[in-house]
Amino acid sequence: MPNASLMDKRLSVTLKSQSREETFSLGEIFGQTAKGGKVIALIGDLGAGKTQFVQGLAKGLDVSNGTVNSPTFSIVQEYEGRLPLAHVDLYRLENLDAIAELGLEDYFDEAGISAIEWADKGEAILPKGRLNLYLRDLEGDQREIVIQATDSQHQSWLAQVSQNKTVLPLIDSAKDSA
Ligand SMILES: Nc1ncnc2c1ncn2[C@@H]1O[C@H](COP(=O)(O)OP(=O)(O)OP(=O)(O)O)[C@@H](O)[C@H]1O
Ligand SMILES: [Mg+2]
């Protein structure tokens, strides 16, 4: 028999987004269903839709203080919602020593939600338990989004979102074209 517990901990889901709005809605559903202490690592090229997703996430968390954008001057931006949201963008980061100085562990340890754009630049300092969200630009406005959970807590969250009636069609449309 395959090692079921190991497989469970690597649950992954593939979706297809057809528009900016669909990627935003996906983020929103994650925000609505989020419990504290979760981390989302966003990986994908310029313009893949990472910030769109985080904007939806903020809406789903009822963030009211400000609009989520890619932070220009700071690497971390904090928002207050139903749970605190830390939006991190590692794009401009020069090296790992610079990451260490940011004290990101404080955000990850907290009861809030952390979303990290360009997470692949800081892999070494990310918590082991998280969602990895890989966004890939297909033709036009289409994006393939692969979401992988690396521990049981994030797996439960992903499973819950995957059963949402708004998200199910995005999973089906990825299957259709596979
Ligand atoms: N299906 C889609 N999902 C998300 N964004 C889309 C989609 N189709 C088109 N877009 C457009 O692609 C752009 C995505 O920009 P966004 O800032 O979210 O990218 P990003 O991954 O955060 O890039 P960066 O690495 O520069 O921060 C927006 O202009 C958005 O309108
Ligand atoms: Mg961005």
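Residues numbered from 1 in each chain as written. Chains lettered and ligands numbered in written order. Predicted model: local features only at pLDDT ≥ 70, side-chain atom pairs only at ≥ 80, totals over all residues.

Chemist: What am I meant to see in the overall build of the chain here?
Modeler: Within the chain one finds seven helices and seven strands. Across the chain, helices and strands are ordered from the amino to the carboxyl terminus as α-β-α-β-α-β-β-α-α-β-β-β-α-α. The C-alpha radius of gyration computed for the chain amounts to 16 Å, which stays within 12% of the reference 16 Å derived for 178 residues, consistent with globular compactness. Every one of the 178 residues in the chain was classed for burial, and the buried ones make up 38%. By sequence separation, contacts in the chain at least 24 residues apart represent 70% of the contacts at least 6 residues apart. (Helix = DSSP H or I, 4+ residues; strand = E, 2+ residues; numbered from the N terminus. Rg over C-alpha atoms; globule rule 2.2 N^0.38 Å. Buried ≥ 20, exposed ≤ 12 C-beta atoms within 10 Å, placed from the backbone. Contact = placed C-beta atoms within 7 Å.)

Chemist: When you look at the site of ligand 1 in this model, what are you seeing that I'm missing?
Modeler: In the neighbourhood of ligand 1, 18 residues make up the surrounding shell, with Thr 23, Gly 49, Lys 50, Thr 51 and Asp 141 lying closest. For the shell around ligand 1, a count of residues per class yields three nonpolar, nine polar and six charged. (Near = placed C-beta within 6 Å. Nonpolar A, V, L, I, M, F, W, Y, C, P; charged D, E, K, R; others polar.)

Chemist: Explain unusual backbone geometry to me, please; I cannot follow it from the model alone.
Modeler: As a rule of thumb, non-glycine residues mostly have phi less than zero, and peptide bonds are mostly trans rather than cis. Positive phi, normally seen in glycine, also occurs at Asp 62, with a value near 60 degrees. Tracing the chain through its elements places Asp 62 in the loop between α3 (50–60) and β3 (76–79). Take Asp 62: there are 14 C-beta atoms within 10 Å of it, and that puts it in the partly exposed class. Phi is positive for Trp 118, close to 55 degrees, though the residue is something other than glycine. Its 21 C-beta neighbours within 10 Å are what place Trp 118 among the buried residues.

Chemist: How do you make sense of the packing of helix α2 (residues 20–33) against helix α6 (residues 152–162) when you look at a structure like this?
Modeler: A pair of packed helices is characterised by two quantities: the angle between their axes and the separation of those axes. Direction vectors running N to C along α2 and α6 enclose 125 degrees, while the axes themselves pass 10 Å from each other. By the angle between their axes, α2 is oblique relative to α6. By crossing handedness, the relation of α2 to α6 is classed as right-handed. Across from Ile 29, Phe 30 and Thr 33 in α2, the residues of α6 making contact are Trp 157, Gln 160 and Val 161. Split into classes, the residues belonging to the contact of α2 with α6 amount to four nonpolar, two polar and no charged. (Axes fitted to C-alpha atoms, helices over the stretch in contact; angles between N-to-C directions. Parallel < 35°, antiparallel > 145°, perpendicular 65-115°, else oblique. Left-handed = near helix turned anticlockwise from the far one by under 90°.)

Chemist: Just to check I follow, could you spell out α6 for this structure?
Modeler: An α-helical turn contains 3.6 residues, so a residue and the one three or four places further along point in the same direction. Considered for burial, the residues of α6 that qualify are His 154, Leu 158 and Val 161. Viewed end-on, α6 has its buried residues packed into an arc of 60 degrees, placing them on one side of the element. Check the buried side of α6 and you find it contacts β1 (12–17), α2, β2 (38–43), β6 (131–137) and β7 (143–149). (Arc of directions from axis to C-beta.)

Chemist: I'm lost on the sheet that holds β1 in this one. Help?
Modeler: In a beta sheet, neighbouring strands pair by backbone hydrogen bonds and run either parallel or antiparallel. Read from one edge of the open sheet, seven strands run β1-β7-β6-β2-β5-β4-β3, paired in mixed fashion. In this open sheet, the two edge strands, each paired with only one partner strand, are β1 and β3. Looking at each pair of strands side by side, their axes are set apart by 15 degrees on average, direction ignored. Direction of pairing for β2 relative to β6: parallel, over a ladder of four bridges. Bridge pairing links Ile 43 to Tyr 134 in β6. Each of β1 and β7 touches helix α7 (residues 168–176); the most contacted strand, β1, lies at about 90 degrees to it. (Pairing = 2+ DSSP bridges.)

In short, shape yes, function no, at least from these values alone.
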